[in-house]
Amino acid sequence: MAPHTTAAAGGGGGEEALEEASTLRHRHSAAKDGGEEGQANNGVAAAADDDGEGNALSVERAFADQAVPSWREQLTVRAFVVSFFLAIMFSVIVMKLNLTTGIIPSLNVSAGLLGFFFVRLWTAAIERVGLLRQPFTRQENTVIQTCVVAAYDIAFSGGFGTYLFGMSETIAKQATEADNPQNVKNPHIGWMIGFLFLVSFIGLFALVPLRKVMIVDYKLTYPSGTATAYLINGFHTPEGAKLAKKQVKTLGKFFLMSFLWGFFQWFYTGGDNCGFQNFPTLGLQAYKNKFYFDFSPTYVGVGMICPHIVNVSVLLGGILSWGIMWPLIGNQKGNWYDASLPESSLHGLQGYRVFISIAIILGDGLYNFVKVLIRTTAGFISMMKKNSTLPVSNNGSPITEGVSFDDERRRDLFLKDQIPRSVAYGGYVAVAAISIGTLPQVFPQLKWYYILVAYIFAPVLAFCNAYGTGLTDWSLASTYGKLAIFIFGAWAGASNGGVLVGLAACGVMMSIVSTAADLMQDLKTGYLTLASPRSMFISQVIGTAMGCVIAPCVFWLFYKAFADIGLSGSEYPAPYAIVYRNMAILGVDGFSSLPKNCLTLCYIFFAAAIVVNLVRDLVPKKVARFIPLPMAMAIPFYLGSFFAIDMFIGTVILFAWETINKAKANAFAPAVASGLICGDGIWTLPQSILALAKVKPPICMKFLSRSVNAQVDGFLGS
C-alpha cells in the first residue's frame, strides 16, 4: 500500500512504472514488466501459476505438504511487533523523501527482506530454548508485508508533502494569493491524527464485496501484488531463504555505511549552505544553477531502484529547465516580470518554475487518466462478454476451462474465509456517517454536503481505479485527488475558503480510491500465497491504524526539529506542497495570478506532455523505451537538478553492474539500494533529536570563488 517509481521484486523494473501523481512512486515492489525478473531472482519459476498443460511449474505443489494455518494463526503477536518497528523506520524514510524531492521508490523489497529476517531471528532464538510453538510461514510473512506497507503508506498518502502541508501558513506565504485565515490551517499533531483516522479507513470497505469478482472471476493481474507474492513464496523455499539471508546481509552492510556517512557529513553543516550537500562538484556557476552532486546515499539508492528511463528523464528535465529555460526567462527580468521581486516570488521567476511544472503534471495525468479509463472500459466489456457466453464443442456441450492445481487450491482457500457483506456495507456507511459529521469540525469550510457527495461517488471511482490498477498496475489516485481540488474548490468559491476546501477534498478522495486499489493489490498477494482474505483485511486495518498515529508523529518531529521546513532552498523544501496549493488557487481563481507569458508556456508544455506520451504509446517498444517520461522531467523544474545527478550516478552504477554480472545485479542491487536509502533515512531520526536538543554541528564547510575568498581573507586580516 504504498505507493511511485518501482523496481521488480528482484531488481528489474518496467519503464512504465511511473505514477501520474505528485511523486514517482508505485504501490508494490514490481513494475509493470518486472514480475518475471523478480520471480526468477527468488528461485520461483516465472510461469508459476501453471503452464496450462501440466503442473511442472506449479508453486503450490512445493508447499503441498505444509498445512495452511487458519486466519487467526496467521495474525501473530510477533508479526505485529515486527511490523510496528519496521513501520516506524520506513515512515521516517518516506517522510524524508516526501519532504525533500517527493520521489519515493518502492520499499517493499526492504520491508519483505527485513520482515523475513527479524521473524527468522525471533523464531530461531525461541527454538533454541524449546519454546517455538508456531513456525514462520509465508502467510505470516504476507501479513507483515501488508501491515508495514499499509502503515508507511500513510506517510505518503497522508499529504504531509502535498495537500495537508499545502494548507499551512508556511506554504501559503510562498503562494500567489489566498494567504488568509480562511484558507490556512497550520499543522498540529492532534487534528492531523484525527483527520487521518476519519479518511483512511473508508476505502477499505468500499470494494470488499467485489474481491471475488475482481480476483477470482475476472482474474485481474495486479502485477505489483503478483510480484510481491512471488517474492514471499520464494523466501520460503530453501533456495529463496538462502538468497534472502545474503540479501539481508548486503542490505545491513550498506545500511551501516550510509548511516555512518550521514553522521560524518553532519559535523560539517554548522551554518547555512554548509557541508557536502552544498559541494560545487561541477563548478560554482553550475552550483548556482542547481547542478552539483550532493553526496546523498538516498538518491543514489533511488537511482539504483528506478528504471533507467526515469533517471535519464529527470536529468533531462533538469538540463532543459535549469540549464536552458530559466536562464533565458531570467534575461527577461524587468520585461516579463518586476525586476524588484525576489527570486522566490511566484509572481516572478519562481512562478514560471512552479506553474510550468504543474502544467506538465496535469498534461501527463490527463493523458494517463484517459488512457487507463479506455483500457479499463475495454477490458471490462471484454470480460463481461467472455463471462456471458461459454464456448461449445461440436456436439453442443459447453467447453469448460481446465483448472490447474494451483488455481484450484488458491480459489478454495480464498473463498473459505469470507468477509461478511454486512461488515463491508455497514463499515462504509458507519465511517462515512462519522466523517460527514466530524470533518466539518476539523475544517469548518468543508461543508457536510461536500463530503456526502464525495462519498456517494467514491465507490464508483474506487472501482475504476482498482480495476485499472489490476489491468495496468497504474494507480490514478492523485489524478482523482486533483480533480477533487478543482471541483470542490470551485464549488466552494474564493470567498468561502475554496483553497482549503479543495485541498481537504483532495485528501478525502485520494484516500478512498488509493486505499481501495491497495487493498485489492494485497488481496491478490494473499491469493497467491494462500493468506486468508480475513487476515489480510485485519492486517490492513491494523497497519492503517498504526500509520495514522506514526506518520503524524514523524512529521511533527520534522516540523519541530527543522525551523525552515517547507521553505524553498531549505533542506526540506516540500516541493509538492506549493504545487498542490497553487493548483487549488488556480481552481478557485483561474489564471489571473500568473506572470506574463507564463500561461502560454503552460499551454505549450501541457500539450507537449500529452504528445510525448502519445508518441511513446504509438511507436514500437524498442523505440519507446528511449523516449523520456514527461512526469519525471517535471520534477526538477521547480526543485533543481542536484538530486537528478545523484539518481543518474545510481543508474550508471546499476547499468555497469548489470553489464558485468546481470544475475548478481538483479539479485543484490535492490538490497544495496535499500541499504543506502534506509541508512541515510534513519540518520534523520538522531539528527532531528540533536536539533531539538539544540546541539549544533561544530564545523561549517563552505566553498567560495577565488575573488570572494580574497575579500574574506582581506576582511579577516584587517
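Remember, it's a predicted structure, so these values are computed and weren't measured experimentally.

Undergrad: Quick rundown of the overall build of the protein? Include the residues and the values.
TA: Looking only at helices and strands, the protein features 28 helices and zero strands. Put simply, the protein has 718 residues, and 59% of those count as buried. For the protein, the exposed surface amounts to about 27500 Å²; the carbon and sulfur share of it is 64%.

Undergrad: I'd like to hear about the environment of Leu-629, residue by residue, with values.
TA: Here Leu-629 lies in the loop between α24 (621–624) and α25 (630–639). As a C-alpha pair, Leu-629 and Val-314 span 315 residues in sequence and 8.3 Å in three-dimensional space.

Undergrad: Hey, could you go over a nonpolar patch on the surface for me, with residue numbers and the actual values?
TA: Taken together, the side chains of Val-312, Leu-316, Ile-319, Ile-324, Leu-328, Phe-648 and Val-652 present a nonpolar region at the surface, about 540 Å² in accessible area. Breaking the nonpolar patch down by element, the ones donating at least two residues are α14 (308–330) and α26 (642–660). Counting residues per element, the nonpolar patch draws most heavily on α14, which supplies five residues. With respect to the helices, strands and loops of the structure, Leu-328 is situated in helix α14.

Undergrad: Pulling in residues and values, what's your account of the pattern of salt bridges?
TA: Counted by the stated rule, this structure contains eight salt bridges. Measuring nitrogen to oxygen at the nearest pair gives 2.6 Å for the salt bridge that ties Glu-140 to Arg-78. Here the residue Glu-140 occupies a position in helix α5 (residues 138–157), and Arg-78 occupies one in helix α3 (residues 77–100), the gap between them amounting to 62 residues. Considered together, Glu-140 and Arg-78 belong to a single accessibility category, that of buried residues. The residue Lys-96 makes a salt bridge to Asp-680 at a minimum N-O spacing of 3.1 Å. Here the residue Lys-96 occupies a position in helix α3, and Asp-680 occupies one in helix α27 (residues 662–692), the gap between them amounting to 584 residues. Each member of the pair, Lys-96 together with Asp-680, is buried. Via salt bridges that share partners, Glu-60, Arg-138, Asp-406, Arg-409 and Arg-410 belong to a single interconnected network.

Undergrad: Residue-level account of unusual backbone geometry, with values.
TA: Although it is not a glycine, Leu-530 adopts a positive phi angle of roughly 65°. Here Leu-530 shows up in the loop between α20 (498–529) and α21 (533–561). Not every positive phi belongs to a glycine, and Lys-694 is a case in point at roughly 65°. Within the element layout of this structure, Lys-694 appears in the loop between α27 and α28 (706–717). Take Lys-694: its relative accessible area is 67%, and that puts it in the exposed class.

Undergrad: Break down a positive patch on the surface for me, with residues and values.
TA: Together, Lys-242, Lys-246, Lys-249, Lys-253 and Lys-664 line one region of the surface with positive charge. Broken down by element, the residue count for the positive patch peaks at four residues, all from helix α11 (residues 238–266). Mapped onto the elements, Lys-249 comes out in helix α11. For Lys-249, a relative accessible area of 65% puts it in the exposed group.

Undergrad: Can you lay out α21 for me, pointing to particular residues and giving the numbers?
TA: In an α-helix, one turn spans 3.6 residues, which is why side chains three or four residues apart end up on the same side. Helix length check: α21, at 29 residues, gives a terminal C-alpha distance of 41 Å against a target of 42 Å (1.5 Å per residue), a fit within 8%. Taken as a whole, α21 carries its principal kink of about 25° at Gly-547.

Undergrad: Account for the nonpolar core, naming residues and giving values.
TA: Ranked by size, the top nonpolar core spans 198 residues in total, and within it Phe-90, Ile-356 and Tyr-455 carry the most contacts. With 19 residues, the single largest contributor to this core is α20.

Undergrad: Let's hear about the environment of Ile-305: which residues, and what values?
TA: Structurally, Ile-305 can be placed in helix α13 (residues 297–305). Look at Ile-305 and you get buried, because its relative accessible area is 6%. Note: C-alpha distance between Ile-305 and Leu-654 (349 residues apart in sequence) is 8.7 Å.

Undergrad: Give a detailed account of the packing of helix α19 (residues 477–492) against helix α22 (residues 575–589), specifying residues and quantitative values.
TA: Any two packed helices are characterised by how steeply their axes cross, that is the angle between the axes, and by the distance between the axes. Between α19 and α22, the shortest axis-to-axis distance is 7 Å and the interhelical angle comes to 40°. Judged by the angle between their axes, α19 and α22 are oblique. Crossing angle aside, the handedness with which α19 passes α22 is right-handed. Where α19 approaches α22, its residues Ser-478, Lys-482, Ile-485, Phe-486, Gly-489 and Ala-490 are matched on the opposing element by Tyr-580, Met-583, Ala-584, Leu-586, Gly-587 and Val-588. When the residues that make up the contact of α19 with α22 are grouped by side-chain class, the tally is eight nonpolar, three polar and one charged.

Undergrad: Account for the packing of aromatic side chains, naming residues and giving values.
TA: Inspection of the entire model under this criterion finds 46 aromatic pairs. With centroids separated by 5.9 Å and ring planes inclined at 40°, the aromatic side chains of Phe-264 and Phe-276 adopt a geometry described as tilted. Of this pair, Phe-264 sits in helix α11 while Phe-276 sits in the loop between α11 and α12 (284–288), placing them 12 residues apart in sequence. Among the aromatic residues, ring-to-ring pairing joins Trp-261, Phe-264, Tyr-268, Phe-276, Phe-279, Phe-293, Phe-295 and Phe-703 into one connected group.

Undergrad: Requested: an account of the confidence of the model for the protein, with residues and values cited.
TA: Looking at the protein, pLDDT values average 81 and 88% of them are 70 or higher. Contacts of residues 1–56 to residues separated by more than four positions or lying in other chains number 216 contacts, the stretch itself having pLDDT below 50. Here residues 389–400 is modelled with pLDDT under 50, and outside its nearest four sequence neighbours on either side it reaches eight contacts, counting other chains as well.

The rules we used
Residues numbered from 1 in each chain as written. Predicted model: local features only at pLDDT ≥ 70, side-chain atom pairs only at ≥ 80, totals over all residues. Heavy atoms only, no water. Helix = DSSP H or I, 4+ residues; strand = E, 2+ residues; numbered from the N terminus. Buried < 20%, exposed > 50% of the residue type's maximum accessible area, 1.4 Å probe, protein only. Areas by Shrake-Rupley, 256 points an atom, 1.4 Å probe, with all protein chains shown as cover. Patch = residues over 30% accessible without salt bridge, like charges linked within 9 Å, V, L, I, M, F, W, Y side chains within 5 Å. Salt bridge = Lys/Arg side-chain N within 4 Å of Asp/Glu carboxyl O. Lys, Arg positive; Asp, Glu negative; His and termini not counted. Charge placed at Lys NZ, Arg CZ, Asp CG, Glu CD. Expected span 1.5 Å × (residues − 1). Bend = angle between axes of the 7 residues up to and from the residue. Core = buried A, V, L, I, M, F, W, Y, C linked by side-chain atoms within 4.5 Å. Axes fitted to C-alpha atoms, helices over the stretch in contact; angles between N-to-C directions. Parallel < 35°, antiparallel > 145°, perpendicular 65-115°, else oblique. Left-handed = near helix turned anticlockwise from the far one by under 90°. Contact = heavy atoms within 4.5 Å. Nonpolar A, V, L, I, M, F, W, Y, C, P; charged D, E, K, R; others polar. Phe/Tyr/Trp six-rings, centres within 6.5 Å; stacked < 30°, edge-to-face > 60°. pLDDT = per-residue confidence, 0-100.

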